[in-house]
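The lines below spell out each chain.
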Amino acid sequence: IKKARLLLKSVTSTNPKHGPGWIAAARVEQVAGRPGAARKLIGQGCETCPENEDVWLEAVSMEPALIGKQNILARAVGRLPKSTNLWLEAARLEKDTEQKKSILRRALELIPRSVVLWRAAIELEDVEDARILLGRAVECVPHAVDMWLALARLETYQNARKVLNQARQAVPTEPQIWLTAAKLEEAHGHGAELIDRIVSKALVSLAQYQIVIDRQKWLAHAEDAEQANAPLTCAAIIQYTIGLGVEEEDRRRTWLDDAQASLARGSVVTARAILRYALKEFPTKKQIWLRAAELEKKHGTSDDFLTILSRAVEHCPRSEIFWLMRAKEQWLSGKLDAARQTLADAFAANPDSEDVWLAAVKLEWENDQPERARALLAQAREKAPSPRVWMKSALLERHLKQTQAEIQLLDTALSKYPDFDKLYMMAGQNQLKQARQHNDPFIRRSREYFQRGLRHCPHSIPLWKLAAQLEEHHATIPKARTILELARLKNAKHPELWLAAIRLERRAGNYKLAENLSAKAFQECPDSGLLWADQIASAPAASRKNRSLEALKRCEDDVHVVLAVANLFAADKKPKARKWYNRAVSLNPDLGDAWAAYFAFELEHGDENAQSEVRRRAIEADPTHGELWTSISKDPEINSGDTPSILSLAASKFTALLATRYQFLSPSAAADNNR
């Protein structure tokens, strides 16, 4: 402190007109706990440097009493009458609003070109007085664009137009004035034609004054217009600026990126306008139509979605996806006849499309019109034959419990498509379903179908698993074990086959062998989420946490591991299970088992809102995979195959499975859990 005091005393002595020296010296005394000495020094500074406003402001800040502050400011503005900061400080110290107004008006008489003073004065006024002050402000500071815009907002429609015209003359290089004019016209009911004309004139006028049109800034102006509830202005800005500075070969990619970026910022109207312009330039590009349809489905109404799809099928009639999306939306909206007509039009445009035929079949099937579905499938087998068409034909007969018709279709299909594994699976299941005892001829025929299938499709994992299940349930465990061993020889590094073998040994009570198989499985598939999930579920209670941590280290983002961890928390009735279930369905929305487990948890521990939200998200995701899920969705005995029904049934089954999840543990793990 002493050294600083001596140094600053030297500064103020050798250069007494240096204001920062007096301020520093006063602050040293203040830090040293001598406020009186600090005020004395800063007072000397005010006398020595009366033209330095910083010294006066420092003196005001060091004065403890309000009256003292006001006296200092009175002296200060007497010496520096055109110091904006001194007048603002004087107004700030006043408690009474009228006194503040009086001080600011006096300041404006002396400094009429201070934008800061005008803003401070206008903020204190009511609407009418603010309008009067703004009228005077734009005369004194015509370059202040925000003053013009604020005045226009307070005026009537006709007067606002006049104000904006005057503003354009005063500040011809400011785009905000033009855009405010466009928003004004839009707010008063004028259509797109006038808005387009204003924006077009704005760009021409700005170009005349050598103003560079920055494309990104104008995109930001479009988003601002959207926030101001001016969609026509937003669209006009996009129309005239989206192509500026973009190379012709980069236009489509750039515009799609722009639309995606606007959507990420929540600017749906801007993204829609960009895509609409892109479609005008590239009317036959499927990718742009898909983006536009996706936007309307997520952010628009059903009518908007159907409208964009109607335009899409006009421009891209050979793209089946638009026909199918349109038919599905019409069906979901209850417009069954319209959906049929859409698919009929799709047939005309794509007579050999397998997807269109199968969509028409699904429409009739799910609306309880099996005869129509059967007739369509018969036509499809003639006009667009494929393994899927034959498979769907057999599935329809299975659904209608026409066992003989199903096997006849499958036999015919196998003669045409001997390498399609699902046909063998269905044929084997058809025969197996008719079996009544272990030595039944149907068992033999089922085995023959599976064996034929494995000869033609040796890499079909589901077919190997079905063949092993047949031997397990209708022959012996060793036969099933042999089939799975052969499967692993022909299909290395397939965790599904290892898991099937491990579960087979557990069901047979061979826990030690199951553990040995599990160790071998990890040697071949060390990062398999399926195997790690099984390890978590089968671990003893004492080692479950460590097993989970190890699994998450190896497979952090594997949905099966995350689901297994969530199930552990759910079994212990811990609320954090909800977070893990949510993570699982986010990682893979198509895994129906994750949705079933999540819904089961909410049914037991959540409220109605949570249950409804999970159900809504599951319906939106429309999952199709998962052991538990497909066991229900592909069951012909279940009449309703819609997502809500499957979700409820799967959740009910999952609750029962969770309660008995230790059923096939090793003896040590089972004993540990019993304790």
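Right above here is the structure, for reference.
Residues numbered from 1 in each chain as written. Predicted model: local features only at pLDDT ≥ 70, side-chain atom pairs only at ≥ 80, totals over all residues. Heavy atoms only, no water.

What the protein contains, in helices and strands, is 40 helices and zero strands. The globule rule puts the C-alpha radius of gyration for 675 residues at 26 Å, and the 39 Å found for the protein is more than 25% above it. Seen along its three principal axes, the alpha-carbon backbone of the protein occupies a region of about 115 × 70 × 45 Å. Counting across all 675 residues of the protein, residues that qualify as buried make up 44%. Summarising the internal contacts of the protein: among those between residues at least 6 apart in sequence, 54% fall at separations of at least 24. Total accessible area on the protein stands at roughly 34900 Å², and carbon and sulfur atoms take up 51% of it. (Helix = DSSP H or I, 4+ residues; strand = E, 2+ residues; numbered from the N terminus. Rg over C-alpha atoms; globule rule 2.2 N^0.38 Å. Buried < 20%, exposed > 50% of the residue type's maximum accessible area, 1.4 Å probe, protein only. Contact = heavy atoms within 4.5 Å. Areas by Shrake-Rupley, 256 points an atom, 1.4 Å probe, with all protein chains shown as cover.)

Moving on: the state of the cysteines. Inspection of the entire model under this criterion finds zero disulfides. You can see Cys-555 has no disulfide; the closest cysteine sulfur is in Cys-525, sitting 11 Å from it. (Disulfide = S-S within 2.5 Å.)

What follows is about the pattern of salt bridges. Throughout the structure, instances matching the rule amount to 39 salt bridges. The closest approach of N and O atoms between Arg-75 and Glu-47, which form a salt bridge, is 2.9 Å. In this pair, Arg-75 is assigned in helix α5 (residues 66-79) and Glu-47 in helix α3 (residues 35-48), connecting sequence segments 28 residues apart. The salt bridge involving Glu-125 is made with Arg-105; its shortest N-O contact spans 3.0 Å. Remark: Arg-105 occurs in helix α7 (residues 97-110) and Glu-125 occurs in the loop between α8 (115-123) and α9 (127-140); sequence separation between them is 20 residues. In this structure Arg-105 comes out as partly exposed when scored by relative accessible area, which is 41%. Beyond isolated ion pairs, a larger network of salt bridges with shared partners links Glu-98, Lys-101, Arg-105 and Glu-125. (Salt bridge = Lys/Arg side-chain N within 4 Å of Asp/Glu carboxyl O.)

What follows concerns helix α23 (residues 370-383). Taking 1.5 Å per residue as the helical rise, α23 with its 14 residues ought to reach 20 Å, and the 20 Å between its terminal C-alpha atoms agrees with that figure. Along its buried surface, α23 packs onto α22 (354-366) and α24 (387-399). (Expected span 1.5 Å × (residues − 1).)

For the pair helix α4 (residues 53-62) and α5, the least separation of the axes is 9 Å and the interaxial angle reads 170 degrees. If you check the angle between α4 and α5, you find them roughly antiparallel. Here Trp-56, Ala-59, Val-60 and Ser-61 of α4 come into contact with α5, specifically with Lys-69, Ile-72, Leu-73, Arg-75, Ala-76 and Arg-79. (Axes fitted to C-alpha atoms, helices over the stretch in contact; angles between N-to-C directions. Parallel < 35°, antiparallel > 145°, perpendicular 65-115°, else oblique.)

What follows concerns the environment of Ala-427. Examined against the element boundaries, Ala-427 turns out to sit in helix α26 (residues 421-434). In the structure, Ala-427 is positioned 337 residues away from Ala-90 in sequence and 94 Å away in space, judged by C-alpha atoms. Among all residues touching Ala-427, those that are not within four sequence positions of it are Ile-407, Leu-410 and Tyr-449.

Turning next to the environment of Leu-658. Here Leu-658 shows up in helix α39 (residues 643-659). Separated by 430 residues in the primary sequence, Leu-658 and Ala-228 have C-alpha atoms spaced 53 Å apart. When neighbours within four sequence positions are excluded, Leu-658 is seen to be in contact with Asn-567, Ala-570 and Ala-571.

One broad trend across soluble globular proteins is that nonpolar side chains are buried collectively. The biggest cluster of nonpolar side chains holds 85 residues, and the ones touching the most others in it are Leu-531 and Tyr-581. Grouped together as the second largest cluster of nonpolar side chains are 63 residues, Leu-203, Ala-222, Ile-242 and Phe-305 included. (Core = buried A, V, L, I, M, F, W, Y, C linked by side-chain atoms within 4.5 Å.)

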